[in-house]
Amino acid sequence: MKKKILISSLVVVLLLSMTMVLFTGCGFKPEPLEDFSIPEVSIGIENQPTNTEKINSKMSAFEMLEVATRNFYNAEYAIIEYKGGVNMKIGGAIPVDQEVQSTKIRRGKGDAAGNNANGATYFADNKSYSNFAKLYEKIVISPEKIQWRNAEGTSFKRASKKQPKDIWTVDKWNDIDSDFTSIAKEGEEKSFLNKKSNNPTVLWMYDLQEKFIKGQLEPIYDEATKTYRFALEFDPVESTKEYIKTMKAQLEGNAGMAVEGLEFLQLQLEVVLWENGTFRSITVKEGYKMTMAVTSSFKLSNNIVKLSATQQFSYNANEEGFAIDTYVNNFSNENDLKK
């Protein structure tokens, strides 16, 4: 059995659009690897696939992760709803609440190599908001072409008792960029990965090898939810060598600052699987440090960032609110401010 899972970032551009969302001069306190509460989910509960590679109680946490990853790519329809962010104070004084959200929908089987070998259709949008950094982009990928556009003047209003859903608006959608020769072919100057430092057709850009595991919570079965849960902690340096390159490109591109000494300090996954071997949810906990050069003579050194985000999954083509044709058809509508 191959003991390596290479999955690329769904929303790198969001995770790193935090221009100043940093603890300056603070020490890093790692998150303990321990049992966790199963996150509530709003999608993926009904019409689950049955023709999946199955899991069993004798499997290790890593073996279950491998099976669920294969089931994700082999699904004929897949949805990921991502929500997370950072809550902290800059220099211990300025409060920052960075909201990070994304929706990704795929129709057709996926491709773990990230080049859409199976000719699937994808829609993805990535949104991020704080007082310091704002971003909203949409992506459509089909066998025929790749299209990307971003917005200016992004605003965000969090859900409340009077307002049951988060509201995102923009002032203006910029022109569509479709000048891409491939998604991620190595060495192609106009590949989407090379131009945008992102590949929305795959999961994350972590190199998750079994030999990189530093700690684990072995699978626990929960009768009430009919799920298995487990947690894995990976070597933060070995597992992120390629991911760091993408992070650096995104951060410098979005924040306009040179990044030095970017180093991961912690990488944890808290995973919940349905009995059929598909992902129900994944919570990622990251910790990293870096020095940011605001100007050639002014640098913010050894900044510590912690981020926690949860993805929930569905494989139901009839999931309410996630019809891919609706999103693809609205892609070119500048007045469409739906998520």
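Description of the structure in this document. All values derive from a computational prediction rather than experimental measurement. (Residues numbered from 1 in each chain as written. Predicted model: local features only at pLDDT ≥ 70, side-chain atom pairs only at ≥ 80, totals over all residues. Heavy atoms only, no water.)

### Points about the side chain of Asn-199
Here Asn-199 shows up in the loop between helix H3 (192-196) and strand S10 (204-209). A polar contact is formed between the side chain of Asn-199 and the backbone oxygen of Gly-114, at a distance of 3.0 Å. For Asn-199, the side chain forms a polar contact with the side chain of Thr-201, separated by 2.7 Å. (Helix = DSSP H or I, 4+ residues; strand = E, 2+ residues; numbered from the N terminus. Polar contact = N/O pair within 3.5 Å; in protein donor to acceptor, adjacent residues only side chain to side chain.)

### Points about the environment of Leu-267
Considering the arrangement of structural elements, one finds Leu-267 in strand S13 (residues 258-274). Take Leu-267: its relative accessible area is 0%, and that puts it in the buried class. In contact with Leu-267, not counting residues within four places along its chain, are Tyr-206, Leu-208, Leu-232, Glu-233, Phe-234, Pro-236, Ser-239, Thr-240, Val-284, Lys-285 and Glu-286. (Buried < 20%, exposed > 50% of the residue type's maximum accessible area, 1.4 Å probe, protein only. Contact = heavy atoms within 4.5 Å.)

### As for helix H2 (residues 61-74)
With 14 residues, H2 ought to run about 20 Å at 1.5 Å a step, and its terminal C-alpha atoms sit 20 Å apart, in line with that. The buried fraction of H2 amounts to 11 of the 14 residues, a majority that puts the element mostly inside the structure. Every buried residue belonging to H2 is among Ala-61, Phe-62, Met-64, Leu-65, Glu-66, Val-67, Ala-68, Thr-69, Asn-71, Phe-72 and Tyr-73, and all of these are buried. (Expected span 1.5 Å × (residues − 1).)

### What to know about the environment of Glu-144
Its place among the elements puts Glu-144 in the loop between strand S5 (134-141) and strand S6 (146-152). In the structure, Glu-144 is positioned 25 residues away from Gly-119 in sequence and 8.8 Å away in space, judged by C-alpha atoms.

### Here's the deal with unusual backbone geometry
Positive phi is not limited to glycine here, since Asn-116 has a value of about 55°. For Asn-116, the position within the fold is in the loop between strand S3 (94-107) and strand S4 (121-129). Residue classification places Asn-116 among the buried positions, given a relative accessible area of 11%.

### Here we look at the pattern of salt bridges
A full pass over the atoms with the stated rule returns 16 salt bridges. A salt bridge links Lys-127 to Asp-125, with the shortest nitrogen-to-oxygen separation between them at 3.2 Å. Given a relative accessible area of 1%, Lys-127 falls into the buried group. The class for Asp-125 is buried, based on a relative accessible area of 0%. Through salt bridges with shared partners, a single ionic network connects Asp-177, Asp-179, Lys-190, Lys-195 and Lys-196. (Salt bridge = Lys/Arg side-chain N within 4 Å of Asp/Glu carboxyl O.)

### With respect to the packing of aromatic side chains
Going through the model one piece at a time under the given rule, you end up with 14 aromatic pairs. Both rings, one in Phe-264 and one in Tyr-288, keep their centres 5.3 Å apart while their planes meet at 35°; by these two values the pair is tilted. Here Phe-264 is found in strand S13, whereas its partner Tyr-288 is found in strand S14 (residues 279-293), with 24 residues between them in sequence. What makes Tyr-288 buried here is its relative accessible area of 0%. Seen from the ring of Phe-180, Lys-195 lies directly overhead, with NZ or CZ sitting 4.7 Å from the centre. (Phe/Tyr/Trp six-rings, centres within 6.5 Å; stacked < 30°, edge-to-face > 60°. Lys NZ or Arg CZ within 6 Å of the ring centre and 35° of its normal.)

### Quick notes on the nonpolar core
The biggest cluster of nonpolar side chains holds 45 residues, and the ones touching the most others in it are Leu-65, Phe-72, Phe-234, Leu-269 and Phe-279. Within the residue set of this core, elements represented by two or more residues are H2, strand S2 (77-90), S10, strand S12 (227-234), helix H4 (241-255), S13, S14 and strand S15 (299-314). With eight residues, the top contributor of residues to this core is H2. In this structure, Phe-234 is in contact with Phe-62, Leu-65, Leu-208, Gln-209, Phe-212, Ile-213, Lys-214, Ser-239, Leu-267 and Leu-269, ignoring residues within four places of it in sequence. Grouped together as the second largest cluster of nonpolar side chains are 11 residues, Tyr-122, Ile-139, Ile-183 and Ala-184 included. (Core = buried A, V, L, I, M, F, W, Y, C linked by side-chain atoms within 4.5 Å.)

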